[in-house]
Number of protein chains: 2
Amino acid sequence: MSFRHVFQKYIDNADACLDLLLYKDENVLIIKDGFPKALRHYLIIPKSPDKTQIHPLLVFQKDPQFYKMIEEYVTKTKKLIMDDLFAAGLLKFDKTDTLATHEFMNRFIKAGVHSIPSLSNLHIHIITQDFYSSRLKHKKHYNSFTTEFFVEFYRLEPPQTDLEDQMGYGYDSSSSQNTDDGPYPTQSISVRHEMDPLKLQNVISKSPLKCTYCGATFANRFVHLKKHLQEEFVKKFAVAPEDTNS
Amino acid sequence: MSFRHVFQKYIDNADACLDLLLYKDENVLIIKDGFPKALRHYLIIPKSPDKTQIHPLLVFQKDPQFYKMIEEYVTKTKKLIMDDLFAAGLLKFDKTDTLATHEFMNRFIKAGVHSIPSLSNLHIHIITQDFYSSRLKHKKHYNSFTTEFFVEFYRLEPPQTDLEDQMGYGYDSSSSQNTDDGPYPTQSISVRHEMDPLKLQNVISKSPLKCTYCGATFANRFVHLKKHLQEEFVKKFAVAPEDTNS
DNA sequence: TATTCCGATAGTGAC
DNA sequence: GTCACTATCGGAATGAG
Ligand SMILES: [Zn+2]
Ligand SMILES: [Zn+2]
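Residues numbered from 1 in each chain as written. Chains lettered and ligands numbered in written order. Predicted model: local features only at pLDDT ≥ 70, side-chain atom pairs only at ≥ 80, totals over all residues. Heavy atoms only, no water.

Okay, the protein's contact with DNA strand D next. The environment of DNA strand D is formed by 24 residues, the closest being Ser-118, His-138, Lys-140 and His-141 of chain A together with Met-1 of chain B. For DNA strand D, the backbone makes up 67% of the atoms found within 4 Å of the protein, where backbone means sugar plus phosphate. Residue Lys-137 of chain A places a side-chain N or O atom 3.3 Å away from a phosphate oxygen belonging to DNA strand D. Here a sugar or linking oxygen of DNA strand D sits 2.9 Å away from a polar atom, N or O, in the main chain of Met-1 of chain B. (Near = heavy atom within 4 Å. Polar contact = N/O pair within 3.5 Å; in protein donor to acceptor, adjacent residues only side chain to side chain.)

All names here are of chain B. In this structure, Cys-211 (SG), Cys-214 (SG), His-228 (NE2) and Glu-232 (OE) serve as the protein donors to the zinc ion (ligand 2), at separations of 2.0 to 2.3 Å. All donors to the zinc ion (ligand 2) come from one chain, and their sequence spacing reads C-x2-C-x13-H-x3-E. Here Glu-232 and His-228 lie together in helix α6 (residues 222-236), a separation of 4 residues that amounts to about one turn. Across the pair, Glu-232 and His-228 agree in class, each one buried. (Donors = N, O, S within 2.8 Å, 3.2 Å for Na, K, Ca; no water. Helix = DSSP H or I, 4+ residues; strand = E, 2+ residues; numbered from the N terminus. Buried < 20%, exposed > 50% of the residue type's maximum accessible area, 1.4 Å probe, protein only.)

Here we take up the pairing of strand β3 (residues 41-46) of chain A. Residue and element names in this part refer to chain A. Among the 6 residues of β3, 6 are classified as buried, and the element is accordingly described as predominantly covered. Bridge count for strand β2 (residues 28-32) against β3 is 5 bridges, and the pairing is antiparallel. Bridging from a neighbouring strand, Val-28 pairs with Pro-46 of β3. Sheet topology note: the β3/strand β5 (residues 124-128) ladder contains 4 bridges and is antiparallel. In the strand pairing of β5, Tyr-42 is matched with Ile-126. (Pairing = 2+ DSSP bridges.)

It is worth spelling out the packing of helix α2 (residues 64-87) of chain B against helix α3 (residues 98-108) of chain B at this point. All names here are of chain B. Direction vectors running N to C along α2 and α3 enclose 125°, while the axes themselves pass 10 Å from each other. What the angle tells us is that α2 and α3 run oblique. Taken as a pair, α2 and α3 cross one another with a handedness that is right-handed. Residues Thr-75, Lys-78, Lys-79, Met-82, Leu-85 and Phe-86 of α2 form the contact with α3, whose participating residues are Thr-101, Phe-104, Met-105 and Asn-106. Within the contact of α2 with α3, the residues separate by chemical class into 5 nonpolar, 3 polar and 2 charged. (Axes fitted to C-alpha atoms, helices over the stretch in contact; angles between N-to-C directions. Parallel < 35°, antiparallel > 145°, perpendicular 65-115°, else oblique. Left-handed = near helix turned anticlockwise from the far one by under 90°. Contact = heavy atoms within 4.5 Å. Nonpolar A, V, L, I, M, F, W, Y, C, P; charged D, E, K, R; others polar.)

For the rest of this paragraph, the subject is the confidence of the model for chain A. On average, residues of chain A score 91 in pLDDT, and 86% of them reach the 70 mark or higher. Here residues 175-183 of chain A is a poorly scored stretch, pLDDT under 50, and it has 12 contacts once near neighbours within four places are set aside; other chains count. (pLDDT = per-residue confidence, 0-100.)

As a further point, take the coordination of the zinc ion (ligand 1). Within the protein, Cys-211 of chain A (SG), Cys-214 of chain A (SG), His-228 of chain A (NE2) and Glu-232 of chain A (OE) serve as the donor atoms for the zinc ion (ligand 1), at 2.0 to 2.3 Å. Around the zinc ion (ligand 1), the 4 donor atoms are arranged such that angles at the metal cover 100 to 117°; this shape is classified as tetrahedral. (Tetrahedral: all angles 85-135°; square planar, octahedral: opposite > 155°, others 65-115°.)

All names here are of chain B. Taking 1.5 Å as the rise per residue, α6 with 15 residues should run 21 Å; its terminal C-alpha atoms sit 21 Å apart, in good agreement. Along α6, the residues that are buried comprise Phe-222, Leu-225, Lys-226, His-228, Leu-229, Glu-232 and Phe-233. The buried residues of α6 all sit within an arc of 165° when viewed along its axis, so they share a single face. Those residues of α6 that are exposed and angled more than 90 degrees off the buried face are Val-223, Lys-227 and Lys-235. Where the residues of α6 are buried, they touch α4 (139-146). (Expected span 1.5 Å × (residues − 1). Arc of directions from axis to C-beta.)

Looking now at unusual backbone geometry. Residue and element names in this part refer to chain A. Here the phi dihedral of Phe-131 falls at roughly 50°; this positive angle occurs in a residue that is not glycine. Along the chain, Phe-131 falls in the loop between β5 and α4 (139-146). Positioned with a positive phi, Ala-219 is a non-glycine residue whose angle comes to about 50°. Tracing the backbone shows Ala-219 in the loop between α5 (197-206) and α6 (222-236). Relative accessible area serves as the criterion here: at 38%, Ala-219 is assigned to the partly exposed category.

In this section: the pairing of strand β5 (residues 124-128) of chain B. Residue and element names in this part refer to chain B. Summarising burial for β5: 5 of the 5 residues are buried, a large majority. Residues Ile-124, Ile-126 and Thr-128 of β5 are buried on one face, and the alternating residues His-125 and Ile-127, pointing to the opposite face, are buried as well. In the sheet, strand β4 (residues 109-114) pairs with β5 via 4 bridges, with the strands oriented antiparallel. Among the inter-strand pairings, Gly-112 is bridged to a residue of β5, identified as His-125.

Given two aromatic rings, their pairing is described by the distance between the two centres and the angle made by the two planes. The full count for this structure, using the stated rule, is 34 aromatic pairs over all chains. Between the aromatic rings of Phe-104 of chain A and Phe-108 of chain A, the centroid separation amounts to 5.0 Å while the plane-to-plane angle is 45°, which identifies the pairing as tilted. You can see Phe-104 of chain A and its partner Phe-108 of chain A sitting in helix α3 (residues 98-108), 4 residues apart, about one turn around the helix. For Phe-104 of chain A, a relative accessible area of 3% gives the class buried. Overall, Phe-108 of chain A belongs to the buried group, its relative accessible area being 9%. Ring centres of Tyr-67 of chain B and Phe-153 of chain B lie 4.5 Å apart, and the angle between their planes is 5°; on these two criteria the pair is classed as stacked. Of this pair, Tyr-67 of chain B sits in helix α2 while Phe-153 of chain B sits in the loop between β6 (150-152) and β7 (170-174), and the two are 86 residues apart along the sequence. For the pair formed by Tyr-67 of chain B and Phe-153 of chain B, the shared burial category is buried. Taken together, Phe-86, Phe-93, Phe-104, Phe-108, Tyr-132, Tyr-213, Phe-233 and Phe-237 of chain A form an aromatic cluster joined through their ring pairs. (Phe/Tyr/Trp six-rings, centres within 6.5 Å; stacked < 30°, edge-to-face > 60°.)

Below, the structure is given as structure tokens:
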């Protein structure tokens with residue numbers, strides 16, 4: 001078994017990832033990413049043999065029921081993160097502040113998939129948008145979560161009507177043309193996802209580094225970005241700078 | 001005074017390079033290169049203020065007398081190296097073996113200049129062709145001595161007749177079209193030296209690495225070349241491999 | 001192509 | 001795009017007053 005199939009080992013025997021395991025049932029494992037790229041970085045790993053080797057941009061395409069099931073686990077995982085951050089005293093707002101909590105859950109925690117996963121078993125990332133982690137070591141790490149290479153989960157929702165395969169592209173049922181200013185996407189239109197490997201490799205290796213908080217750009221200066229992310233982190237979270245783990 | 005003019009300090013006061021100084025008189029300093037790129041790597045530094053800031057490919061062009069003077073120091077310096085290598089017991093042949101000694105002096109020790117010197121004061125390199133040194137750290141180091149970027153001293157000899165400036169190119173009075181198989185070049189023809197900075201930069205940064213002993217090529221694999229040069233060194237010289245200083 | 005430091009880029013191997 | 005390791009490649013500073 002190569003590194004590409006490490007999650008299969010976890011599916012076959014959750015005891016193999018006890019130190020990372022947060023939740024398991026008949027449908028999924030929820031684990032901590034072994035090399036978290038942000039303050040909290042969890043993974044949902046569906047167990048179904050019929051799904052686990054399907055490309056994440058295609059696996060939900062004709063199975064609204066599967067999408068809906070995973071959607072519930074996404075919400076569950078975001079709640080796990082919120083509970084953990086509150087318990088750790090890392091948030092600057094109180095649990096009773098439902099507006100701030102809602103905003104954080106639905107904006108600052110993102111769920112999604114990589115357009116080209118390196119690990120072959122289907123997995124959905126649930127990750128805070130600080131990207132403040134010693135494991136975030138190079139541009140591709142960062143750009144794999146902050147460019148179109150990362151496709152948010154809600155954009156994978158299949159349409160109500162059964163559309164054609166659309167030339168093999170994954171499709172996107174999203175609100176990207178929604179002019180509503182609501183808190184997060186609710187409507188759907190059909191949009192293709194880029195699946196060309198060369199274009200996607202170019203996206204993560206060549207896209208200029210851009211701060212997810214403020215939009216500041218850093219070209220290819222990764223170390224500069226890291227320092228900036230630390231500054232953003234200490235502003236956003238309830239920690240002393242010396243406690244940080246860049 | 002910037003790093004580019006460090007040799008001027010030596011010219012003004014040879015005491016500033018006592019640890020490197022091998023010889024001095026009214027015309028030149030002969031010193032060890034402070035960062036030797038081979039087993040022996042010496043420098044001849046002419047002291048004349050009229051010459052020291054002239055480009056090495058041009059400085060001999062209309063001054064056969066100056067060339068002849070430096071030529072004597074080149075021979076002197078090669079003899080210094082031979083004496084030192086014999087004294088150190090590094091050679092596999094005896095001082096009485098005049099054929100081997102002659103061959104080593106005239107083939108394995110080369111004199112020449114860099115087409116684009118980084119240090120502005122005129123200096124002529126006298127260097128053994130093993131390139132076995134911990135100070136040889138990257139491709140440009142190696143290629144600056146093993147490509148056309150390095151112009152051998154004998155090719156700088158001005159012609160007997162006073163030729164025109166030839167469009168600002170340095171010229172080369174060499175035996176490159178000499179069909180004689182003699183031990184080393186003795187005749188002269190006039191050939192231009194490449195002086196275009198971009199082309200020369202390309203030569204040292206892009207030329208594939210090639211062993212000076214056997215012609216083996218290593219593309220850009222510098223570490224591979226280094227290991228090979230160590231193998232060649234222990235074959236060529238009287239040393240145990242563990243004594244080496246790669 | 002002076003050195004040195006730092007950092008960005010690239011290839012490999014992993015069973 | 002898994003990691004970790006090695007190595008290649010690339011820019012910047014360097015001083016003086
Ligand atoms: Zn920012
Ligand atoms: Zn060789």
